[in-house]
Structure formats: C-alpha cells, structure tokens
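Residue strings, one per chain:
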Number of protein chains: 2
Amino acid sequence: MTEYPLDGSGAISAVDIAAAWDRELPGVPTSSIGVITPLWRVAKVLADERRRTLGRLGVDPATLDLLSTLRRAGEPWTLTTRELTERCLVTAGAISQRVARAEREGLVTRAPSSASRRAVAVALTERGHDVVERTVRGLLTHEEELVVGLAPEERRRLGELLGKLAASAAGGGGVGGEG
Amino acid sequence: MTEYPLDGSGAISAVDIAAAWDRELPGVPTSSIGVITPLWRVAKVLADERRRTLGRLGVDPATLDLLSTLRRAGEPWTLTTRELTERCLVTAGAISQRVARAEREGLVTRAPSSASRRAVAVALTERGHDVVERTVRGLLTHEEELVVGLAPEERRRLGELLGKLAASAAGGGGVGGEG
DNA sequence: TCCTGTAGATTTAGAGCTAAACATACAGGA
DNA sequence: TCCTGTATGTTTAGCTCTAAATCTACAGGA
C-alpha cells in the first residue's frame, strides 16, 4: 500500500480537530484551526494534482516553476539567481540546485551577468522554451478544471481573503508581540 | 545569502502572473491563477512560520503532526499505522519513517495490535505526552496571532470557500473527463 | 596596498516526502 | 492442504527543500 485518500475521505474535519483539542487540552486557543487546516488540505490536494499532471507531461514542479518564471519575464528570458530567489520564494540554495539540474538537462544556461561579475544570469534555452510552452498550457488547462466548483464571484472573494490572510500572517508573525 | 523575502515583498502578484501569461502565451486559460497562486503563497508563509516556531520549541512539524494526531485521539492515545495514514494525509511509507524517528527519540512505541497481527499499534509515551502538551499550546497561541487580521465572519467564509474548493479539486481532478 | 565588510552564489548535511518494490498476515475457495 | 488475492507495514531510491558554511567579487577606509 502506497496510497492515502486523496479526497480526504478518511480525514477528520477541522471542526472535529478543534473540538478534540478543546476536549483533550481545555483552554488552548483553537480558532486558527478552522482556517489553517482546510488551507493546508487544499494546498496538498492541489500540489499532488500538479505533481501527477506534470509527471505525465515529463517535468517536475520545481523545474517548471523555474522555467515558467524565466518565460514570463519576457525577452530575453533571462534573470539573475537573486531575482529568481525573490520570485520563486525559495532559498538561494534551492535556486542554485534547481538551476544546476535544469542546466544538466539543457533547459537553461548560466553565464556571468553583464551588469555585475558576481551575479549569474540564467537564460532559457530553445529546449527550455519547448518544455515550458508545451507543459504550461496543459497544466493551466487541467487546473482550470480543478476550480470549476467555484463561481467567479467566489473565486474573487477567495483570492481576496487569502491575500488578507497573507498580509496578516506576514505582518504579525515575523517579529513577535507588537501590541 | 540564505534567505528569501518571507513577506513576499519581492514576489509578483497573482494578477501580474496571469497578465504575463496572457501577454506571453495568448490563449492559455489563466483564471485558476487568481486562486491557486495566493493559496500556495499563504500556505508557504504559514508552513515557514510553523517550522520556525517549532524549531524554537525543539520539535519538527512532521513529528508534531504525528504526536498531535495520537494525542487528539484520546485515551489510550494509540492508533494503527493505517489510521495514522488516513488522518495525517501522507503515504504509509512516510508514516513508517515518522514513527521510526519518533520511536528512536522515545516519543512513541510500536507494538502488534491486539485486533490483528498485521496491524501495528503506535502509542504515545510519557515523554511524547510531555512534548505534545508543551508545544501544541505554544504553537496554537502563535498561530492565533497569524490570523488576527481576519474578522470572525471572514474566517468562517474563508474556511467555507476552501472546503468548497477542496471538494471541487478532489472531485473533478482525480479521474479525468467526467462529462 | 591591506583590511574589513557585504552581497551574490554555491556547496553540504540533514530532513522529509513520494512511488515502487518488498515482506508479511490472513481469508476464502478448490 | 495449496493457491490466490488482498490488506498492512517497511524499505529503498530519488527528489527537493532549508540552514549553515563557504567561496568569490567588490567597495571603502586607513
């Protein structure tokens, strides 16, 4: 047995989890559970779906994230490692490894940047263009189907609430007590 | 440099990403981006926060997920590997590894289940109890602060929309064409 | 020129996960 | 009894990430 229930059928609901903590450890604050638990569940379902879809297309999510970021940047499809770190939201070490893997497969090239000799310019190769253009279309088409259950107004509202949560989490969490 | 901007300050907005694809590859369906991109960003901010918070408390997220699931189950704080797989939403192999790590640290024990000789009963030790009770309170208190930016009604609505999205993604994505 | 600081990038150690292969325990029929 | 199927766990290979240490290129002051 390798699998776990992808639809969360065996999983406990966020309400049940909060109720269980309230019963087992009375007094713990449980109101964040109703937001954070469903959020991670959905994120996991979507990540699993993306991994499988891309597996069928012959790419892995980390590499496609790299290629997509370069492709979206527009001509000349080149960014420095530092820019990639900012846009992909992973550490510089992770970018370095992603680029090394992609370079090994002939999807990108590495060269000293024209601006600074410290900076490294990562550029999409023709093969990289082929891969990204072939897979992004398939991926976005598939993901479009995953969100059909939400009406346009619901999607807009969901995106809005997620943005608000992101601001709240990033602002309040980093430093500590600020009240 | 090891870090990346935790608050997403250097990141491109979901709207910009969709606009970039529309410009670079006209015709690709981009309407899922407004939901999926913010969702993963928030999930990542929360995961990073949790990892750091738990790091300070001396536990790792995967182990705490295991211990919490056992703790929430109530007396006698024992579940089989299969039950853990269903509730933690990771593969059986991952559970096996989590349990092995936790057992090595004296946080849980493994024993043949009384019901079936195939099944393995994983039980919380006294030390496991100590760890989970010490850390869960701190973790939930911290996460409470991360969601203060959302009013109660907004939290409720967000949880509701996330549930609807989960149902949509799990239902529509697994099989393929079902029209 | 030498020292010091800083920024950009890479390397390495150690987690943690999935998928797939394997091992084990039964159950049910011939 | 033997065979077959199925459920439960474990192991292994390979990927990917973070955090920390390291390397390299400069810049600015003494």
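Overview of the structure. Bear in mind the structure is a predicted one, so any value in this text is a computation, not a measurement. (Residues numbered from 1 in each chain as written. Chains lettered and ligands numbered in written order. Predicted model: local features only at pLDDT ≥ 70, side-chain atom pairs only at ≥ 80, totals over all residues. Heavy atoms only, no water.)

Section: the relation of the copies chain A and chain B
Applying a rotation about an axis and a shift along it to one chain copy brings it onto the other copy.
Here is step 1 of the chain: Screw-axis analysis of chain A against chain B gives a translation of 0.0 Å along the axis, an RMSD of 0.1 Å, and a rotation angle of 180 degrees. What the rotation and shift describe, once combined, is the action of a two-fold rotation axis.
Here is step 2 of the chain: When the interface residues of chain A are mapped onto chain B, 100% of them are again interface residues, pointing to one common binding face. (Least-squares fit on C-alpha atoms with pLDDT ≥ 70 in both. Contact = heavy atoms within 4.5 Å.)

Description of the interface of chain A and chain B
The parts lose accessible area when they come together, and the size of an interface is often stated as this lost area.
Here is step 1 of the chain: Counting residues at the interface gives 82 residues for chain A, matched by 82 residues for chain B.
Here is step 2 of the chain: Considering only the side of chain A, the residues that lose the most area to chain B are W21, R72 and L89 of chain A, jointly responsible for 10% of the buried surface there.
Here is step 3 of the chain: Between E24 of chain A and R71 of chain B there is a salt bridge, and its shortest N-O distance comes to 2.6 Å.
Here is step 4 of the chain: Counting across the chain A and chain B interface gives 22 residue pairs in polar contact (both at pLDDT 80 or more).
Here is step 5 of the chain: Broken down by secondary-structure element, the contributors of at least two residues to the side of chain A that touches chain B are α1 (14-24), α2 (33-57), α3 (61-72), α4 (81-88), α6 (126-146) and α7 (152-173) of chain A.
Here is step 6 of the chain: Tallying contributions element by element places α2 of chain A first for the side of chain A that touches chain B, with 16 residues. (Buried area = accessible area lost by both parts, 1.4 Å probe. Salt bridge = Lys/Arg side-chain N within 4 Å of Asp/Glu carboxyl O. Polar contact = N/O pair within 3.5 Å; in protein donor to acceptor, adjacent residues only side chain to side chain. Helix = DSSP H or I, 4+ residues; strand = E, 2+ residues; numbered from the N terminus.)

Notes on the nonpolar core
Here is step 1 of the chain: L39, L158 and L165 of chain A together with L39, L158 and L165 of chain B are the most contacted members of the largest nonpolar core, which has 30 residues in total.
Here is step 2 of the chain: With near-sequence residues (within four places) excluded, L158 of chain B lies in contact with V35, L158, L161, L162 and L165 of chain A together with L150 of chain B. (Core = buried A, V, L, I, M, F, W, Y, C linked by side-chain atoms within 4.5 Å. Buried < 20%, exposed > 50% of the residue type's maximum accessible area, 1.4 Å probe, protein only.)

Keep in mind these numbers describe shape, not what the thing actually does.
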